[in-house]
Every structure is written in structure tokens, then in C-alpha cells.
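Breakdown of the fold
Here's the letter readout for the chains.
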Amino acid sequence: MTPAPRSPRPAISCVMPAFNEAENLPLVLADVTQQLAALTDRWELIVVDDGSLDATPAAMRPWVAKPGVRYVRLSRNFGKEAALTAGIDRAEGEVVLLMDADGQHPTTLLPRMLDTWLAGADMVCAARSSRADESWRKRVGTRLFYRLVNSNPSVQIPVNAGDFRLMDRRVVDALKSLPERNRFMKGLYAWVGFRTEIIDYLPSERLSGHSSFSMKGLTRLAFTGVTAFTNLPLRLWSGVGALVALGAITFGTWIIIDHFVNGSDVPGWATLVVGLSFFSGVQLLSIGILGEYVGRIFDEVKQRPVYIIGAEAGRGALTPPTDAAA
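Note that residues are indexed from 1 along each chain, following the sequence as it is written. Where local features are concerned, this predicted model is filtered to residues with pLDDT of at least 70; where side-chain atom pairs are given and counted, the filter is 80 or more; whole-chain, interface and lining totals use all residues. Excluded from the side-chain calculations are hydrogens and water; all other atoms, namely the structure's heavy atoms, are used.

Description of the overall build of the chain
For clarity, the cut-off: We count a stretch as a helix when DSSP gives it H or I for four or more residues in a row; a strand needs E for two or more, and each element gets its number in order from the N terminus. Note on classification: 1.4 Å probe, protein chains only; a residue is buried when its accessible area is under 20% of the maximum for its type, exposed when over 50%, partly exposed between these limits. Contacts were defined at the residue level, with two residues in contact if any of their heavy atoms lie within 4.5 Å. Accessibility throughout is a Shrake-Rupley quantity obtained with a 1.4 Å probe, and a residue counts as covered only by protein chains that appear here.
Across its full length, the chain holds eleven helices and eight strands. Expressed as a percentage of the 326 residues in the chain, the buried residues total 42%. A separation threshold of at least 6 residues defines the contact pool for the chain, and within that pool the share at least 24 residues apart is 82%. Of the roughly 17600 Å² of accessible surface on the chain, a fraction of 61% belongs to carbon and sulfur atoms.

Right, here's the structure in full:
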């Protein structure tokens, strides 16, 4: 089938989750709105406030009075994945952009992303070309994470590709149809498929402040990603259990043979205590891994909403001014 021709100036929705970014938003919004207006005359910028505790509502007040900017405030901090979901649910454009509110996603990349979409790509991901600015712990953890989560051959998540991306309307509608509550967006982008192109980039420095993502938060997100998109941890511990059982059988056989052939006494208290401690640790670790998966099932069964809206303001500019006047 021949795909329908794409408009060189499509309606664009830009979704921007924000948490305690009051200092950055004025500069970022000025830059992004200017770039969107240069790309098309039909656009909207949806800022999703993920329960910020700073002056983000005050910083957004002058912007929502202007056409094109929408402000969505969640009732509390639900996390970035939920904020992205809230923005995607409200995006109405033919093309949807996802950007951070800290100024690290360069707007100069947007024309190239749009050109790649015009050339036929359904999703254009911006992937970091270097992680030299990160700590060695984060680099090692990131490498291990991608090795684990990409052990599932049916869903391959692009390495070093974050949320900075452009998506066709078909991709957005597919994402909106997914019902899970534990949302790992990088995995969901890959799961829905469609033709994807990767663009390398180097993130800019934060305009001000520091990232709200702690190592604990990143670890929690990594656990969500691994348990949502691969069963490898369960399979690994099945293998460990088989190896431990084989080792126990081998050790028991050796003790029996040594006793009857050489007349050696059967090892007693020390061997028993060490063996019990080791196996207890293995069992508890295995139960913990299994519990992570059961916990995900429990969260899904409750069917609570991914987010709750506290307030909304502003309006998009997806309808050209000439059409609105008519």
C-alpha cells in the first residue's frame, strides 16, 4: 500500500513534562514556541506539571494567556512516565514531539526530526552519542540495564534513546490504546513498532537547577522496565536453582562414596549450617525477584488511573488563524 503523502507543515503537538522547573520554563518555552511557529502555523505546546512544589504554576500563568500553550497540572507527583502519558492523551496533532523542560533537548534538532518524518519514518528518536558527562556508576548501570531488557528479541529498545522523540499520529494512537498502569515509556515506544529512525545528539547543559531523578528513582524505573519487558530474571534464577541442585547432588554423592570407600566420617555441623545459610539466601533472593513480578500484577489488577488531573488552562493553536476567523 502506498502511504498517504505527508504535509510539510503538519499540525504539531509538543508534550513537555515538568517537575520543579519554574526557573527553566520561561526560557525553554520561549525557545520551543519560536521553533514550533517556524515549523508550522498549527501547533500546541502541552506543559504537564507533575505536582511541582515550586513556582511552576506562577511561571506558567503568562504563557497560558497566549494561544498555543496549554497547562495541565496533575493532582500530585505521579512520576515522569505518568506525566508523559497525560500529555500524549491530550495531544491532538498529526505529529507529537516529546521534550524535557530543563533545556537539555536542543530545539535546533526539530527541523531534522520533522524532515526524517517527512521521508517516511513513523518515529524519530534522539539518542545520546556520548555519556562521558555521567558518573561511572550510571554508565555501568545503563549498560547492564540495556543488556537485560534487550534480552527479549521481540522488543529491542534503542540504546541511549530517551524520551526526546517525534511520533506520527499512528504511533500516538497505538500508545494510547495500551492499558497498563506500570508504564515504562521507552519500552512501550519500542513495543508498538512502526518504522523508527535514530538521530544522534549531545544533550545541552541544564539551564539551571539539578535533575529530580535520583539514583534510587532511576533504579526503580529500571526495575519497572526489566520486569515489564523481559522474563530473564526469572529464567536466570531457574538456572541458578538447577545448578545449585546439581551441585548438592554431586556433593552428596561424593560424601557417600568417600564414606564407604575411605571410611571418612560424614561432615557434620559446620557443613550443615553453611549449606542451610546459602540455600536460605538463594531462596529469599528468588522469592524477592518473583515478588517484583507479582507486585506488578497486583498493581495492574487494581486498575487505578495512571494519573489524575488537578487543573487545566490554556488552548492550542492547531487551527490556523484564517480558518478560525472563518
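Let's pick the thread back up.
Details of the nonpolar core
Filter applied, for reference: Residue types Ala, Val, Leu, Ile, Met, Phe, Trp, Tyr and Cys, when buried and joined through side-chain atoms within 4.5 Å, form a set referred to as a nonpolar core.
If you look at the biggest cluster of nonpolar residues, it comprises 33 residues, and the most contacted ones within it are Met16, Leu45 and Met113. Apart from residues no more than four positions distant in its own chain, methionine 113 is found in contact with Leu97, Val124, Phe164, Arg165, Leu166 and Ile199. Of all hydrophobic cores here, the second largest spans 29 residues; its members include Val15, Ala83, Leu175 and Leu178.

Points about the pairing of strand β5 (residues 123-128)
We count it as follows: Note: two strands are recorded as paired if DSSP finds a minimum of 2 bridges between them.
Counting buried positions over the six residues of β5 gives six, a clear majority of the element. The pairing of β5 with strand β6 (residues 161-168) spans four bridges and is classified as antiparallel. Bridging across to β6, methionine 123 finds its partner in methionine 167. Here six bridges tie β5 to strand β7 (residues 196-201), and the two strands are oriented parallel to one another. Bridge pairing in β7 links methionine 123 to threonine 196.

Topic: the packing of aromatic side chains
Here is the rule: When two rings of Phe, Tyr or Trp (its six-membered ring) have centres within 6.5 Å they constitute a pair, described as stacked for plane angles under 30 degrees, edge-to-face for angles over 60, and tilted for the intermediate range. Definition used: whenever NZ (Lys) or CZ (Arg) falls within 6 Å of the ring centre and also within 35 degrees of the ring normal, the charge is taken to sit over that ring.
On inspection of all chains with the given rule, the structure shows one aromatic pair. Across the ring face of tryptophan 63, the terminal group of lysine 66 is positioned such that the distance to the ring centre comes to 4.2 Å. Positioned above the aromatic ring of phenylalanine 78 is the side chain of arginine 76, whose terminal nitrogen or guanidinium carbon lies 3.9 Å from the ring centre.

Bear in mind that shape data such as this cannot, by itself, settle questions of function.
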